[in-house]
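Structural overview
Below, each chain spelled out in residue letters.
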Amino acid sequence: MMSLAAPLALLLLPLPWLLARLLPPARRSDPALIAPEATVTWAATHGSGLGGGAGRIRALLPWAAWALLVLALAGPRQVVPTAALPVTGRDLVIALDLSGSMVREDFFLDGREISRLDAVKRAGSRFVRGRGGDRVGLVIFGSDAYVAAPLSYDVESLAVTIEDAVIGISGRATNIGDGLGLAMKRLDASEAASKVVVLLSDGANNAGAARPRDVGRLAAGMGIRVHTIALGPKDLASAEEGERGVVDAATLRAIAEMSGGETFRVRTTEDLDAVTRAIDALEATDRAGVPAEIYRALWIWPAMAALGLLAAAPLAGRAA
């Protein structure tokens, strides 16, 4: 369906005619041409046919060009059919551990060994791309925590941010308490009907003043559900004393239980893929939404036609 973005612009159509009627005629100081009587008689006899139809066309060209320019200014446009935008009313923040232990290569994908970070990038970006309709944000934590991406419906941009994540940008320790706390702070002011944090860590809290379990209790009081992912082949509870690169699965489980969320234990890339599917099912996206009105601007066509007419005016003048 065609429409105009600024239909009132059409009121400019009679402007040249009004100016011609209201403004006084321009005074000409051209000298008179004295011609023999025979020349005057010939002109009177043949002048009416001089130029003929070409003369009339040349006179109409400026008017047609003006009309096309006014039409372009009015902004003709066409509605482009679009699918309804999904709307869930859910805000979700991913809290991603980027401590030094994420560089360990103890995951396997397609027969080759990869780092924990590469496994998380693969599964995390795919999970985020499937969150159409949610507002999704990203918090990264190591020794410190910071917001890598604010809450946004632009899930593709967030997925790219996860794919570009590098170790060490937030320090090499593991500050789970601050990472979870910052994610919750981003959700505190949200008016969404559902507030969710997905917390992924491969280690034990060894930095910051806030204890992860205390932060988890706050989440329950704030109405924030926390799903936790314990990443890594070895658990702190069963590992040898002093062993590095082990995950504190018990603390992550406690955080999830206190907030009403779910906890997942991930040891392989297959486990990680299964977790993303499980969380996607727990936080299903409602695809019902309001269709957006997206327009295709068509002003360029009358504008180009007007330009063509103005370019053709000198040629019409020579033909006349």
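Quick look at the structure, then. Worth saying up front: this structure is predicted, and the values here are computed from it rather than measured.

**Digging into the overall build of the protein chain**
- A count of helical and extended segments in the protein chain gives ten helices and eleven strands.
- Relative to its 320 residues, the protein chain shows a buried fraction of 37%.
- Taking contacts inside the protein chain between residues at least 6 apart in sequence as the whole, the part at least 24 apart equals 82%.
- Taken as a whole, the protein chain presents about 18,100 Å² of accessible surface, with 60% of it coming from carbon and sulfur.

**A word on the sheet that holds strand S8 (residues 194-201)**
- Across the sheet, which stays open at both edges, the six strands sit in the order S7-S6-S3-S8-S9-S10 with mixed pairing between neighbours. Each having just a single partner strand, strand S7 (145-152) and strand S10 (263-266) make up the two edges of the open sheet. Pairwise comparison of adjacent strand axes, ignoring direction, gives a mean angle of 15 degrees for this sheet.
- Pairing analysis gives four bridges linking strand S9 (residues 224-231) to S10, with the strands arranged parallel. From the neighbouring strand, alanine 230 faces S10, where its bridge partner is arginine 265.

**Here we look at the pattern of salt bridges**
- The tally for this structure, following the rule as stated, stands at twelve salt bridges.
- Residues arginine 116 and aspartate 202 are paired through a salt bridge, measuring 2.8 Å at the closest nitrogen-oxygen approach. Taken together, the residues span a long stretch of sequence, with arginine 116 in helix H4 (residues 116-129) and aspartate 202 in the loop between S8 and helix H7 (212-221) at a distance of 86 residues.
- Its relative accessible area of 1% is what places arginine 116 among the buried residues.
- Since its relative accessible area comes to 0%, aspartate 202 is described here as buried.

**With respect to the nonpolar core**
- The biggest cluster of nonpolar side chains holds 33 residues, and the ones touching the most others in it are Ile94, Val128, Leu138, Leu200 and Ile229.
- In terms of residue count, H4 provides more of this core than any other element does, six residues in total.
- Among residues more than four places away in sequence, those in contact with leucine 200 are Ala95, Leu96, Asp97, Met102, Val120, Phe141, Ile229, Leu231 and Leu272.

**Here's the deal with the environment of glycine 133**
- As for its position among the elements, glycine 133 is in the loop between H4 and strand S6 (135-141).
- Separated by 42 residues in sequence, glycine 133 and aspartate 91 place their C-alpha atoms 9.5 Å apart.

**A word on the sheet that holds strand S2 (residues 76-80)**
- Taken in spatial order, the three strands of this open sheet run S1-S2-S11, and their pairing is antiparallel. Because the sheet does not close on itself, it has two edges, and the strands there are strand S1 (2-4) and strand S11 (294-297). Direction aside, neighbouring strands of the sheet carry axes that sit 45 degrees apart on average.
- As defined by bridge partners, S2 adjoins S11 across four bridges and the pair is classed as antiparallel. The residue of S11 that forms the bridge with valine 79 is tyrosine 295.

**Description of H4**
- Over its 14 residues, H4 runs 20 Å from end to end, which matches the ideal 20 Å to within 8%, given 1.5 Å per residue.
- Taken across its 14 residues, H4 has ten buried, putting it largely inside the fold.
- Among the residues of H4, those classed as buried are Arg116, Leu117, Ala119, Val120, Lys121, Ala123, Gly124, Ser125, Phe127 and Val128.

So, how was this worked out
Residues numbered from 1 in each chain as written. Predicted model: local features only at pLDDT ≥ 70, side-chain atom pairs only at ≥ 80, totals over all residues. Heavy atoms only, no water. Helix = DSSP H or I, 4+ residues; strand = E, 2+ residues; numbered from the N terminus. Buried < 20%, exposed > 50% of the residue type's maximum accessible area, 1.4 Å probe, protein only. Contact = heavy atoms within 4.5 Å. Areas by Shrake-Rupley, 256 points an atom, 1.4 Å probe, with all protein chains shown as cover. Pairing = 2+ DSSP bridges. Axes fitted to C-alpha atoms, helices over the stretch in contact; angles between N-to-C directions. Salt bridge = Lys/Arg side-chain N within 4 Å of Asp/Glu carboxyl O. Core = buried A, V, L, I, M, F, W, Y, C linked by side-chain atoms within 4.5 Å. Expected span 1.5 Å × (residues − 1).

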